[in-house]
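Okay, here's what each chain looks like letter by letter:
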Amino acid sequence: LSKKRGRVGLRVPVASPSAEKGPRMPTVPDVARKVLALRSADIFKVRACLASVEPGARQMRIVTAAIDTAAGAVLVASDRLPVGVSVSPVENVPNVQDASGQRLKISGIVWLELDVGGFTARIRAWVVPKLPVPVLLGTPFINQYVEAILPRERLIKMRDPESRESWTIPLLSMAQSL
């Protein structure tokens, strides 16, 4: 396995051709052994708008959201919540860890409206103080709303689970700050 520019990929060995046997190609067990130990993730950035779901509250906040294919939760930074959003305490705090294995402090849970590319979804998010990204949309969000991530085209294809309507939204450049 080789790691280049933050991506993990499979390196296929190049052997010199032999008159008798030809180049040695990796067998399925060779490849499977290496891939089973592989843990990789891709993070894609999109522009989003957060709003309170509470009646009468129309405070919104424009944020950059990170769609993380390896995150098992939806998280929001406490300092990026719209004004007036009520954070509910949590009795059974989940064990949420960052990429380095450090446990994140969960200060509560919120329900928010998240507008991504013109579609508004009601999401439940764990509130984390000092989260390094404004919003982290992990696999619960991806499984429900993301149909395809097209990195070469710099697009994400979204799907409304109720109406089955699809639309695409642009990915932000990785150089743009979160």
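It should be noted that the structure appears before, not after, this text.
Residues numbered from 1 in each chain as written. Predicted model: local features only at pLDDT ≥ 70, side-chain atom pairs only at ≥ 80, totals over all residues. Heavy atoms only, no water.

(A) Structural view of unusual backbone geometry. Its identity as a non-glycine residue notwithstanding, Lys 130 has a phi of 60°, on the positive side. Relative to the elements of secondary structure, Lys 130 occurs in the loop between β7 (119-128) and β8 (135-137). (Helix = DSSP H or I, 4+ residues; strand = E, 2+ residues; numbered from the N terminus.)

(B) Quick look at the environment of Thr 168. Residue placement: Thr 168 occurs in strand β11 (residues 166-170). By relative accessible area, which is 45% here, Thr 168 ends up partly exposed. Measuring from C-alpha to C-alpha, the distance between Thr 168 and Ala 148 comes to 9.2 Å, with 20 residues separating the pair along the chain. Apart from the residues lying within four places of it in its own chain, the contact partners of Thr 168 are Ile 156 and Lys 157. (Buried < 20%, exposed > 50% of the residue type's maximum accessible area, 1.4 Å probe, protein only. Contact = heavy atoms within 4.5 Å.)

(C) Local environment of the pattern of salt bridges. Following the criterion strictly, the structure yields 2 salt bridges and no others. One salt bridge in this structure joins Lys 157 and Glu 147, with 3.1 Å as the shortest N-O distance. Pair noted here: Lys 157 is in strand β10 (residues 155-159) and Glu 147 is in strand β9 (residues 146-150), with a separation of 10 residues, a long-range link. You can call Lys 157 partly exposed: its relative accessible area is 30%. The class of Glu 147 is partly exposed, set by a relative accessible area of 33%. Here Glu 147 ties to Arg 159 by a salt bridge, and the two come within 3.0 Å at their closest N and O atoms. Linking Glu 147 in strand β9 with Arg 159 in strand β10, this pair joins segments that are 12 residues apart in sequence. Judged by relative accessible area, which is 30%, Arg 159 ranks as partly exposed. When salt bridges with common partners are traced through the structure, they connect Glu 147, Lys 157 and Arg 159 into a single cluster. (Salt bridge = Lys/Arg side-chain N within 4 Å of Asp/Glu carboxyl O.)

(D) Main features of the sheet that holds strand β3 (residues 43-52). Spatially, 6 strands are ordered β3-β4-β8-β5-β7-β6 in a closed barrel, and the strand pairing comes out mixed. When strand polarity is set aside, the average angle formed by the axes of neighbouring strands in this sheet is 45°. By the bridge criterion, 9 bridges tie strand β6 (residues 108-116) to β7 in an arrangement that is antiparallel. The partner of Ile 109 across the bridge, within β7, is Trp 126. (Pairing = 2+ DSSP bridges. Axes fitted to C-alpha atoms, helices over the stretch in contact; angles between N-to-C directions.)

(E) Fine view of the side chain of Thr 64. By the secondary structure assignment, Thr 64 is in strand β4 (residues 60-68). Relative accessible area serves as the criterion here: at 4%, Thr 64 is assigned to the buried category.

(F) Representation of the nonpolar core in the model. One finds Val 76, Leu 137, Phe 141, Ile 156 and Met 158 to be the most contacted residues of the largest nonpolar core, which totals 31 residues. Element by element, the count of residues in this core is highest for β7, at 5 residues. Leave out the neighbours within four places in its chain, and Met 158 touches Val 116, Phe 141, Tyr 145, Val 146, Glu 147, Glu 165, Ser 166, Trp 167 and Ile 169. Core analysis: the second largest hydrophobic core is formed by 13 residues, Ala 73, Leu 75, Val 96 and Ile 109 among them. (Core = buried A, V, L, I, M, F, W, Y, C linked by side-chain atoms within 4.5 Å.)

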